[in-house]
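# Architecture and fold: a report
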Amino acid sequence: MTWIDVSQPLDDSITTWPGDTAFRYEIAWPMADSGSVNVGKVTMSLHSGTHIDAPFHFDDAGQRVIDLDPGLYIGPARVIHLPGRERIEATDLDGFDLTGVERLILKTDGWPNKQEFPSHIPELTPSLADRLGDLGIYLIGLDLPSVDAIDSKEMAAHHALARNGVHILEGLVLDHIAPGDYELNAVPLPIVKGDGSPVRALLRSLD
Ligand SMILES: Nc1ccccc1C(=O)C[C@H](N)C(=O)O
Ligand SMILES: [Zn+2]
Ligand SMILES: [Zn+2]
């Protein structure tokens, strides 16, 4: 198949946000006990690895996962390369013609070693969020664990994106992805009250 996996594998070594729930898989009911099957159990933060944020994550009145249209996460997406930046702002998009783009994926290279949770990452600015809104882009994906700085309490980028109707897909693995046009498939689980959801994110080249 031509689908390329751009997700972080979910196993016990996956990193989590400092202080958040670690990922753990266990066989809660082994075949020897159940007599027929192995039954697994997972404990995790909904913000581990490759995942989407529901607005409720940063706004008590915001949408939960079940309220989000799954179609946001399926369809054409443009990947652009913006390496080596401290922050990513509206003017960083000046060189790109993004007419007709609805889903934009930023390859920032800002989290090179996914075995370690980063202490510092590039942050998106509210000016970028406004530009995305003006362009009619409704999904931003990126290779970072957050659209804000790790130590942010205000979550300015999360809020500015939400104000502009831009949904968030974090923690992508894009090392092996060249800039260009792709089909994206990164649908969240139907976690009714979820503030986020892990996704299996896949890209297929359209170029
Ligand atoms: N899990 C956390 C615990 C404490 C503070 C932030 C987070 C986050 O998850 C923020 C990140 N921007 C996220 O959406 O994944
Ligand atoms: Zn998140
Ligand atoms: Zn987030």
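Worth saying up front: this structure is predicted, and the values here are computed from it rather than measured. (Residues numbered from 1 in each chain as written. Chains lettered and ligands numbered in written order. Predicted model: local features only at pLDDT ≥ 70, side-chain atom pairs only at ≥ 80, totals over all residues. Heavy atoms only, no water.)

## Some remarks on the pattern of salt bridges
For the coordinates displayed, the defined rule picks out seven salt bridges. Notably, a salt bridge pairs Glu 26 with Arg 24, separated by 3.3 Å at the nearest N-O pair. Under the relative-accessibility criterion, Glu 26 is labelled partly exposed at 23%. Arg 24 gets classed as partly exposed once you look at its relative accessible area, which sits at 42%. For the salt bridge of Arg 85 with Asp 92, the shortest nitrogen-to-oxygen distance reads 2.8 Å. Overall, Arg 85 belongs to the partly exposed group, its relative accessible area being 28%. (Salt bridge = Lys/Arg side-chain N within 4 Å of Asp/Glu carboxyl O. Buried < 20%, exposed > 50% of the residue type's maximum accessible area, 1.4 Å probe, protein only.)

## Overview of the side chain of Lys 107
For Lys 107, the position within the fold is in strand 7 (residues 103-107). When its relative accessible area of 8% is taken as the criterion, Lys 107 is described as buried. At 3.4 Å, the side chain of Lys 107 forms a polar contact with the backbone oxygen of Asp 175. If we ignore the near neighbours within four places in the chain, the residues touching Lys 107 are Val 79, Ile 80, His 81, Leu 82, Pro 83, Asp 143, Leu 174, Asp 175 and Ile 177. (Helix = DSSP H or I, 4+ residues; strand = E, 2+ residues; numbered from the N terminus. Polar contact = N/O pair within 3.5 Å; in protein donor to acceptor, adjacent residues only side chain to side chain. Contact = heavy atoms within 4.5 Å.)

## Some thoughts on the coordination of the zinc ion (ligand 3)
Here the zinc ion (ligand 3) is held by Asp 53 (OD), His 158 (NE2), Glu 170 (OE) and Glu 170 (OE), and the distances to it run 2.0 to 2.6 Å. With six donor atoms in place around the zinc ion (ligand 3) and angles of 53 to 158° between them, the coordination shape is irregular. We note that the donor set of the zinc ion (ligand 3) lies within a single chain, spaced as D-x104-H-x11-E. A separation of 3.4 Å is found between the zinc ion (ligand 3) and the zinc ion (ligand 2), which are bridged by Asp 53. Here His 158, found in helix 3 (residues 156-163), pairs with Glu 170, found in strand 10 (residues 167-170); they are twelve residues apart in sequence, far enough to count as distant. Per residue, the accessibility class of His 158 equals that of Glu 170, and both read buried. (Donors = N, O, S within 2.8 Å, 3.2 Å for Na, K, Ca; no water. Tetrahedral: all angles 85-135°; square planar, octahedral: opposite > 155°, others 65-115°.)

## Here we look at the sheet that holds strand 13 (residues 202-205)
The strands making up a sheet associate through backbone hydrogen bonding, with each pair oriented either parallel or antiparallel. Here nine strands make up an open sheet; going across it, the order is 1-13-11-5-7-9-10-4-12 and the pairing mixed. In this open sheet, the two edge strands, each paired with only one partner strand, are strand 1 (4-5) and strand 12 (196-198). (Pairing = 2+ DSSP bridges.)

## Regarding empty space enclosed by the protein
Summed over the entire model, instances satisfying the criterion amount to one cavity of 30 Å³ or more. Estimated volume of the largest cavity: approximately 50 Å³. In terms of residue class, the lining of the largest cavity is made up of four nonpolar, five polar and no charged. (1 Å grid on protein atoms, 1.4 Å probe; cavity = no way out; pocket = protein on both sides within 12 Å on 5 of 7 lines; lining within 4 Å. Points joined across faces, edges and corners; volume = space filled by probe spheres on them. Nonpolar A, V, L, I, M, F, W, Y, C, P; charged D, E, K, R; others polar.)

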